Amino acid sequence: MDDLFYGINAIEFGKRFRCQADCQAYLYAIKWKNGYACKFCGCRDEIKGRTSFHRRCKDCRYDESVLCNTLFEGMRMSILKAFHLLFRTISKKKGMSSVELATEVGVQQKTAWKFKLKIKNAMVQQSQKKLEGSVQVDETLVGGYSKGNPGRSLETKSAVLLALEDLGDGKTGNIRMEVIEDFSADIIKIGIENMIAETATLKTDKFKSYLKIKKDGKDIETGLSNKGAFLDQLHKQIMCFKNWLRGTHHSCSAQYLQTYLDEYNFRFNRRNNRASIFNSIIFRFMNAVPKTYADLKAKCV
Ligand SMILES: [Zn+2]
């Protein structure tokens, strides 16, 4: 596992992954880094598999391909295209739309879109850590931009709760965002509990729902909104997120808004560690939830 690919250099990436075998060999080393064990019976002895990227159990004869039981399984594109699509998605600071990706890699837009959804799901699993310390909290509406209605109307928009670790001196830690049903105190309280550790201290504006949560005993420092100065780092992120959504993805339906929020959070929280994103997503894909033997047999043999 010493020769993992790190970095975001497209030329280096292209040199390293030129054909299907390059990608399969890469995944082979990751999948069986701890040696071979049959997924079905646990036997550690093997005989020759169907191809050099299969391993067959000596005992039960179950023949497993390198892609089997991973999120790369059953794709409608080659593993080479999937690698390049994945790399392009994660190496660009702001990501790419599925239309752009489809053109660059040479697949149908729907195929690119479906694969991106898998990448986003892998990103979600990594953005679930609760925020700690001093945390700025605010809410906003996303979608359906209507003139003269900047308030908290939910008619055509989705309600989103946001939280950002405030490290002092203008420095920020991790961010989390969650689609919520409405801006009532009960709903916001659940959102806060989902995203933020109980020991954290919250900073909010004086919106009535926060005042109610504070009255109920939560440790909250409430300041005047004052055009955003009190929660300035968080407001900056709200603007960045909306610009990113409009600029990269143009629009998104309410149904998928949470996956876009998760993608943004993942990118933001990894902003100082971008070179390792490729492998962290690959590892997620390789360690997908194991399936039943019936599934394995139906799909992989
Ligand atoms: Zn076996």
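Residues numbered from 1 in each chain as written. Predicted model: local features only at pLDDT ≥ 70, side-chain atom pairs only at ≥ 80, totals over all residues. Heavy atoms only, no water.

K.L.:
Just give me the short version of the overall build of the protein chain, but keep the residues and values in it.
P.N.:
Along the protein chain, the regular secondary structure elements total 11 helices and eight strands. By residue count, 47% of the 301 residues in the protein chain fall in the buried class. If you sum the accessible surface of the protein chain, you get close to 15900 Å²; carbon and sulfur atoms cover 50% of it. (Helix = DSSP H or I, 4+ residues; strand = E, 2+ residues; numbered from the N terminus. Buried < 20%, exposed > 50% of the residue type's maximum accessible area, 1.4 Å probe, protein only. Areas by Shrake-Rupley, 256 points an atom, 1.4 Å probe, with all protein chains shown as cover.)

K.L.:
Tell me about helix α3 (residues 79-91), residues and numbers included.
P.N.:
Counted at 1.5 Å a residue, the expected span for α3 with its 13 residues is 18 Å, and the 18 Å between its end C-alpha atoms agrees. Where α3 is concerned, the buried positions are Ile79, Ala82, Phe83, His84, Leu85, Leu86, Phe87, Thr89, Ile90 and Ser91. (Expected span 1.5 Å × (residues − 1).)

K.L.:
Lay out the coordination of the zinc ion in plain terms, naming residues and giving numbers.
P.N.:
Binding of the zinc ion to the protein goes through Cys38 (SG), Cys41 (SG), Cys57 (SG) and Cys60 (SG), at separations of 2.2 to 2.4 Å. Note that the zinc ion binds four donor atoms; their angles at the metal cover 100 to 120°, and the shape is tetrahedral. Taken in chain order, the donor set of the zinc ion reads C-x2-C-x15-C-x2-C. You can see cysteine 38 sitting in the loop between α2 (20-31) and β1 (46-48) and its partner cysteine 57 sitting in strand β2 (residues 54-57), a full 19 residues away along the chain. For the pair shown, cysteine 38 and cysteine 57 are each scored as buried. (Donors = N, O, S within 2.8 Å, 3.2 Å for Na, K, Ca; no water. Tetrahedral: all angles 85-135°; square planar, octahedral: opposite > 155°, others 65-115°.)

K.L.:
Tell me what's going on with the sheet that holds strand β5 (residues 158-168), and back it up with residues and numbers.
P.N.:
The five strands are arranged β6-β5-β4-β7-β8 in an open sheet whose pairing can be described as mixed. What marks the edges here is a single partner per strand, and that holds for β6 (171-180) and β8 (220-222). Neighbouring strand axes in the sheet, compared pairwise and without regard to direction, differ in orientation by 25° on average. Across three bridges, strand β4 (residues 134-142) lies against strand β7 (residues 201-204) in parallel orientation. Paired with valine 135 across the bridge in β7 is leucine 202. (Pairing = 2+ DSSP bridges. Axes fitted to C-alpha atoms, helices over the stretch in contact; angles between N-to-C directions.)

K.L.:
Give me the lowdown on the packing of aromatic side chains, citing residues and values where you can.
P.N.:
Counted by the stated rule, this structure contains 27 aromatic pairs. Taken together, a centroid distance of 5.3 Å and an interplanar angle of 85° make the contact between phenylalanine 13 and phenylalanine 278 edge-to-face. With phenylalanine 13 in helix α1 (residues 10-16) and phenylalanine 278 in helix α10 (residues 277-286), the pair connects residues that are 265 residues apart, well separated along the chain. Looking at phenylalanine 13, the relative accessible area reads 1%, which means it is buried. (Phe/Tyr/Trp six-rings, centres within 6.5 Å; stacked < 30°, edge-to-face > 60°.)

K.L.:
I'd like a description of the sheet that holds strand β3 (residues 63-65), backed by residues and values.
P.N.:
Spatial ordering of the open sheet is given by β1-β2-β3, a layout of three strands whose pairing is antiparallel. Of all the strands in the sheet, just β1 and β3 have a single pairing partner and so form its edges. The mean angle between the axes of side-by-side strands here comes to 35°, regardless of whether they run parallel or antiparallel. Sheet analysis places β1 next to β2, joined by three bridges and oriented antiparallel. Across the sheet, the residue bridging to glutamate 46 is cysteine 57, located in β2.

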